[in-house]
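Architecture and fold: a report
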Amino acid sequence: MKPGMSLIKHYLQFKDLRAEEYAYLFERTREIKKRFKNYEKYTPLTDRTLAMIFEKASTRTRVSFEAGMYQMGGSVVHLTTGDSQLGRSEPIEDSARVISRMVDIVMIRTYEQTKIERFAAYSRVPVINGLTNEYHPCQILADLFTYVEHRGTNVNCLKGKVVAWVGDGNNMANTWLQAAEVLGFTVHVSTPSGYEIDPAIAGVKNPACYKTFKDPMEACHGADLVTTDVWTSMGWEAENEERLKAFADWRVDAEMMAAAKPDALFMHCLPAHRGEEVTADVIDGPQSVVWDEAENRMHVQKALMEYLLLGRIG
Ligand code: CP
Ligand code: NVA
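So, here's what we can say about the structure.

1. Quick word on the sheet that holds strand β1 (residues 49-54)
In space, the four strands of this open sheet follow the order β2-β1-β3-β4, with parallel pairing throughout. The outermost strands of the open sheet, each flanked by one partner alone, are β2 (75-80) and β4 (127-129). Direction aside, neighbouring strands of the sheet carry axes that sit 20° apart on average. Sheet analysis places β1 next to strand β3 (residues 105-109), joined by five bridges and oriented parallel. Paired with F54 across the two strands is R109, which belongs to β3. Lying over the sheet, helix α2 (residues 60-71) contacts β1, β2, β3 and β4, oriented at roughly 170° with respect to β1. Sitting on the sheet, helix α4 (residues 113-121) is in contact with β1, β3 and β4, with an inclination near 170° to β4.

Encoded structure:
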């Protein structure tokens, strides 16, 4: 079989899975989380190995994948650009062929989406996107599960909801748009000029999945969820000074939260900068669910790895 022609299921973008697969994953996440909370051993991935490749920094992604894999009976190998041949120009295709002969599943955090796609095309095992310049699907998976936990019973509760995105048209914003298209909600996007989302890069076709607003307050009006992210993502550090000026009016504060529905939630993928993209009273306030979001990274990713490796259970 030619590279790229395999039937292996990868998770490179949010739209790689369908709505019914998300419904299943959320059911499994609920079950897996319940077992974890009850200290019930659940080790379906005994003797399986996850390789984690990090070309950018991480706290949550590393801890959640590593702890999650051990809890499921497996083990992990941790590679970074600096301590592997990836940093010394070994072709990504060769790395993929070698690594995927020795492990059962791979998670990659890197720069261009094309890099992870090239890796996946030559991999014998499932590849998961742990963040690229363009997308962060595992984070949105956790965010949606968190929303459902707080405001509904299953994935259908997302239908017709409004998510306000305030800030950069970045990897998180792109992934929110894909999620809206797959699961039937709308994203109200407000970014400073020059930092807009590009629907072609976001990879969405349905124009009904998002609306753009010049004024962030208008984007928040009537929203069920308000969310933001750092003004300067990893890889854009050289632009930090100009971004601090450009984004000054795109700080989520109590006034913006007041424009949203009274029961609106606040989310942030973290790490956060209090006083930049969000005020301390909002992120540390009663509508914020950021710690649940962070914890749920582990539970949803355990369900995702179980699904990619074992398929549907039962
Ligand atoms: N939200 C998130 O992916 O966090 P880390 O960068 O710490 O992994
Ligand atoms: N947009 C941020 C997300 C960090 C988890 C970044 O790419 O740095």
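2. Observations concerning the layout of surface pockets
In this structure, the largest pocket encloses a volume near 350 Å³. Lining the largest pocket are 22 residues; nearest its centre among them are R109, L131, M234, L270 and P271. Contributing elements (two or more residues each) for the lining of the largest pocket: α2 and α6 (171-183). Of the residues assigned to the lining of the largest pocket, the class counts are eight nonpolar, nine polar and five charged.

3. Re the pattern of salt bridges
In a structure, side chains of opposite charge can pair up when their charged atoms sit close to one another. This model, assessed by the stated rule, comprises 17 salt bridges. Where K34 meets E31, a salt bridge forms, and the shortest distance between an N and an O atom there is 3.6 Å. Of the two residues, K34 and E31 are both situated in helix α1 (residues 19-37); the distance of three residues between them amounts to about one turn of the helix. The class for K34 is partly exposed, based on a relative accessible area of 47%.

4. Notes on the nonpolar core
In terms of nonpolar packing, the biggest core is built from 60 residues, with Y11, I128, L144, W176 and F185 touching the most fellow members. Here this core gets eight residues from one element, more than from any other, and that element is helix α5 (residues 137-151). Excluding anything up to four places from it in sequence, L144 contacts F14, F26, L158, W176, A179, L183 and F185. By size, the runner-up hydrophobic cluster in this structure holds 22 residues, among which are V162, V166, F247 and I283.

The rules behind each value
Residues numbered from 1 in each chain as written. Chains lettered and ligands numbered in written order. Predicted model: local features only at pLDDT ≥ 70, side-chain atom pairs only at ≥ 80, totals over all residues. Heavy atoms only, no water. Pairing = 2+ DSSP bridges. Helix = DSSP H or I, 4+ residues; strand = E, 2+ residues; numbered from the N terminus. Axes fitted to C-alpha atoms, helices over the stretch in contact; angles between N-to-C directions. Contact = heavy atoms within 4.5 Å. 1 Å grid on protein atoms, 1.4 Å probe; cavity = no way out; pocket = protein on both sides within 12 Å on 5 of 7 lines; lining within 4 Å. Points joined across faces, edges and corners; volume = space filled by probe spheres on them. Nonpolar A, V, L, I, M, F, W, Y, C, P; charged D, E, K, R; others polar. Salt bridge = Lys/Arg side-chain N within 4 Å of Asp/Glu carboxyl O. Buried < 20%, exposed > 50% of the residue type's maximum accessible area, 1.4 Å probe, protein only. Core = buried A, V, L, I, M, F, W, Y, C linked by side-chain atoms within 4.5 Å.

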